[in-house]
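Structural features, examined
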Amino acid sequence: MNNRQLFLQHLAQTTDFPLMIEVEKAEGIYLYGANGEKYIDLISGIGVSNVGHRHPQVLDAIHRQLDKYLHLMVYGEYVQSPQSLLAKALTDTLPEILDNVYLVNSGSEAIEGALKLAKRYTGRPKLISCVDAYHGSSHGSLSVGGNEIFKQAYRPLLPGVSHIRYGEISDLEIIDKQTAAILIETVQGEGGIRVASKEYFHALRKRCDDTGTLLILDEVQCGFGRTGKFWAFEHHGIIPDILVCAKGMGGGMPIGAFIANKEVMGVFKNNPILGHITTFGGHPVSSAASLATIKILLEENLIEEVEAKAELFKALLVHPKIKSIRNKGLLMAVEFESFDVLKPIIDTAIEMGVITDWFLFCDDSMRIAPPLTISVEQIHEACEVILASIEKVFPS
Ligand code: PMP
């Protein structure tokens, strides 16, 4: 059997229509196919490759760590310098109060840890999240997810979870003194790039302060420079109690984290001890890659360039079939009339060498979230292909 047949026969499938692009090599913004194809990756493996594929400094950090050690011990026991240095570098990007980092392996896992921490710290039973939120696919993170279609087959899920509308100040009243935490994406990703106002985030912060509820911000998709600030919450001038990140954090390696104040995080140490544990969390190779990723983001001016690059996309992607473009930095949704209009355009663009996608809970919009390293010329090249794909499917 060839690779494609093995993929279909022996690898668990999640849809009946996988993309099945077979990649030989990736570099920068490009994926190179098994038969000489060359694709521009405009989705960064769903928000992961913020510093591009195989950034030389990430590779170098990985190589250096490979020569020292791989897994040594479960999380939280041995002093492993990649973890400690990463925790320090992360907290250096954050307000002083967020000074303690719990390293895990993925976004879902970071959400699980954050929810447990909020319940344990406050001793309260209730959790609140938003309609159309996506926080992961494990039982806990699915419970706080905001899409009924994805949840209904897996009930019973976590009790005590309520959903409010994202960005609606009047809904914040539901947060009360029984609420352990509200969990919210600073920019809604899978909902199709929805951006709530600064006013909303201030009202949210105030309601949490008034009720003693912890504010958990999910920046798994919008963190790590994607929106033009290192953290998306910096746009709003508020500070979460717990911050969750993953995806872009590892520069292409699997890692996630939830970050809080040391006093809050301290509750995991007793009643019971080992309140949250993981074998592989903060794997030394992933941690080394993540540390390099932070340095790249801070040193290469990538974050400063996000806004201008996003504006260029918006200026170039003008076509009667495009209804609107929603974005926060290089997290973009290009809206079409319907999925039926969008899907053939996405398929054609892939044939012509540009990979885009739609969103889990918003299938009329094209996902554009390229590596932040994309150049002005490459943005022109990518947009020309998208416009040509629209013309090919719907000649004007
Ligand atoms: N939160 C958000 C906002 C996400 O976009 C995702 C993944 N798409 C997750 C959490 C879950 O992350 P993971 O797939 O790494 O478990």
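Anything mentioned here points back to the structure above.
Residues numbered from 1 in each chain as written. Predicted model: local features only at pLDDT ≥ 70, side-chain atom pairs only at ≥ 80, totals over all residues. Heavy atoms only, no water.

Here G52 is to be found in the loop between α2 (44-47) and α3 (56-66). What makes G52 buried here is its relative accessible area of 3%. Between the alpha carbons of G52 and Y30 there is a distance of 8.5 Å; along the sequence they are 22 residues apart. Setting aside residues up to four positions removed in sequence, G52 forms contacts with G28, P371 and T373. (Helix = DSSP H or I, 4+ residues; strand = E, 2+ residues; numbered from the N terminus. Buried < 20%, exposed > 50% of the residue type's maximum accessible area, 1.4 Å probe, protein only. Contact = heavy atoms within 4.5 Å.)

Our next topic: the site of the ligand. With respect to spatial proximity, the complete set of residues near the ligand consists of S106, G107, S108, Y134, H135, G136, E185, D218, V220, Q221 and K247. For the ligand, an oxygen atom lies 2.5 Å from a polar atom in the side chain of S108. Within the contact set of the ligand, an oxygen atom lies 2.7 Å away from a side-chain nitrogen or oxygen of Q221. Relative to its free-state accessible area of 390 Å², the ligand is covered by the protein chains to the extent of 83%. Split by residue class, the shell around the ligand holds 2 nonpolar, 6 polar and 3 charged. (Near = heavy atom within 4 Å. Polar contact = N/O pair within 3.5 Å; in protein donor to acceptor, adjacent residues only side chain to side chain. Areas by Shrake-Rupley, 256 points an atom, 1.4 Å probe, with all protein chains shown as cover. Nonpolar A, V, L, I, M, F, W, Y, C, P; charged D, E, K, R; others polar.)

Moving on: the nonpolar core. With 110 residues, the main nonpolar core has L204, F258 and F313 as its most contacted residues. With 8 residues, helix α10 (residues 284-299) is the single largest residue contributor to this core. Shared between two domains, this core holds at least three residues of each, these being domain 1 (3-54 + 301-393) and domain 2 (57-299). Those residues in contact with L204 that sit more than four places away from it in its chain are L172, I175, I182, I184 and L215. Counting residues in each nonpolar core, the second largest holds 9 residues, with A232, L331, A333 and A369 among its members. (Core = buried A, V, L, I, M, F, W, Y, C linked by side-chain atoms within 4.5 Å. Domains from an automatic or database assignment.)

Attention now moves to a nonpolar patch on the surface. Taken together, the side chains of L72, M73, V74 and Y78 make up a nonpolar region of the molecular surface, amounting to roughly 320 Å² of accessible area. Locating L72 in the fold gives a position in the loop between α3 and α4 (81-92). (Patch = residues over 30% accessible without salt bridge, like charges linked within 9 Å, V, L, I, M, F, W, Y side chains within 5 Å. Salt bridge = Lys/Arg side-chain N within 4 Å of Asp/Glu carboxyl O.)

Next up on the list: the sheet that holds strand β2 (residues 30-33). Two orientations exist for strands paired in a sheet by backbone hydrogen bonds: parallel and antiparallel. Pairing within the open sheet is mixed, and its 4 strands lie in the order β1-β2-β3-β15. Every interior strand has two partners, whereas the edge strands, β1 (23-27) and β15 (354-355), have only one. One ladder, built from 4 bridges, connects β1 with β2; its direction is antiparallel. Residue A26 lies in a different strand from β2, and its bridge partner there is L31. (Pairing = 2+ DSSP bridges.)

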